[in-house]
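Residue-level listing of the chains:
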Amino acid sequence: MVDQAVIDKLEAGYQKLQAAADCHSLLKKYLTRDVLDACKNRKTSMGATLLDVVQSAPICFLMEKTVINDC
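Looking at an unreviewed UniProt entry, one finds the chain named Group 20 mite allergen-like protein (Arginine kinase), with Euroglyphus maynei as its source organism. In its Sequence similarities (unreviewed entry) section, the UniProt record describing the chain reads: "Belongs to the ATP:guanido phosphotransferase family."

The following block contains the structure:
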């Protein structure tokens, strides 16, 4: 089971991402509410969460920060 703090960060990050009208990242395009809901409580066999995966990707949005200029 995923820690509630991780789920809270995912939810907050998702809301920021969807609200960023000037961001056209692939993450925004493909991380739909359905995908988030299906994956936010899951871990890989090595213990990685969706938050770990999202933060490790070269994207224009970081879940703990604001939208940066590369969007």
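More follows now that the structure is in view.
A. The arrangement of the pattern of salt bridges in detail. Under the criterion given, the structure shown has 4 salt bridges. Where arginine 33 meets glutamate 11, a salt bridge forms, and the shortest distance between an N and an O atom there is 3.0 Å. With arginine 33 in helix α3 (residues 33-39) and glutamate 11 in helix α1 (residues 4-19), this pair connects stretches of sequence that are 22 residues apart. Lysine 40 is paired through a salt bridge with glutamate 11; the nearest N and O atoms lie 2.6 Å apart. Within this pair, whereas lysine 40 is found in the loop between α3 and α4 (50-56), its partner glutamate 11 is found in helix α1, the two being separated by 29 residues in sequence. Looking at lysine 40, the relative accessible area reads 15%, which means it is buried. Within the structure, one salt-bridge network assembled from shared partners comprises Glu11, Arg33, Asp37 and Lys40.

Scoring rules and cut-offs
Residues numbered from 1 in each chain as written. Predicted model: local features only at pLDDT ≥ 70, side-chain atom pairs only at ≥ 80, totals over all residues. Heavy atoms only, no water. UniProt positions renumbered as here; feature names shortened; annotations may be inferred. Salt bridge = Lys/Arg side-chain N within 4 Å of Asp/Glu carboxyl O. Helix = DSSP H or I, 4+ residues; strand = E, 2+ residues; numbered from the N terminus. Buried < 20%, exposed > 50% of the residue type's maximum accessible area, 1.4 Å probe, protein only.

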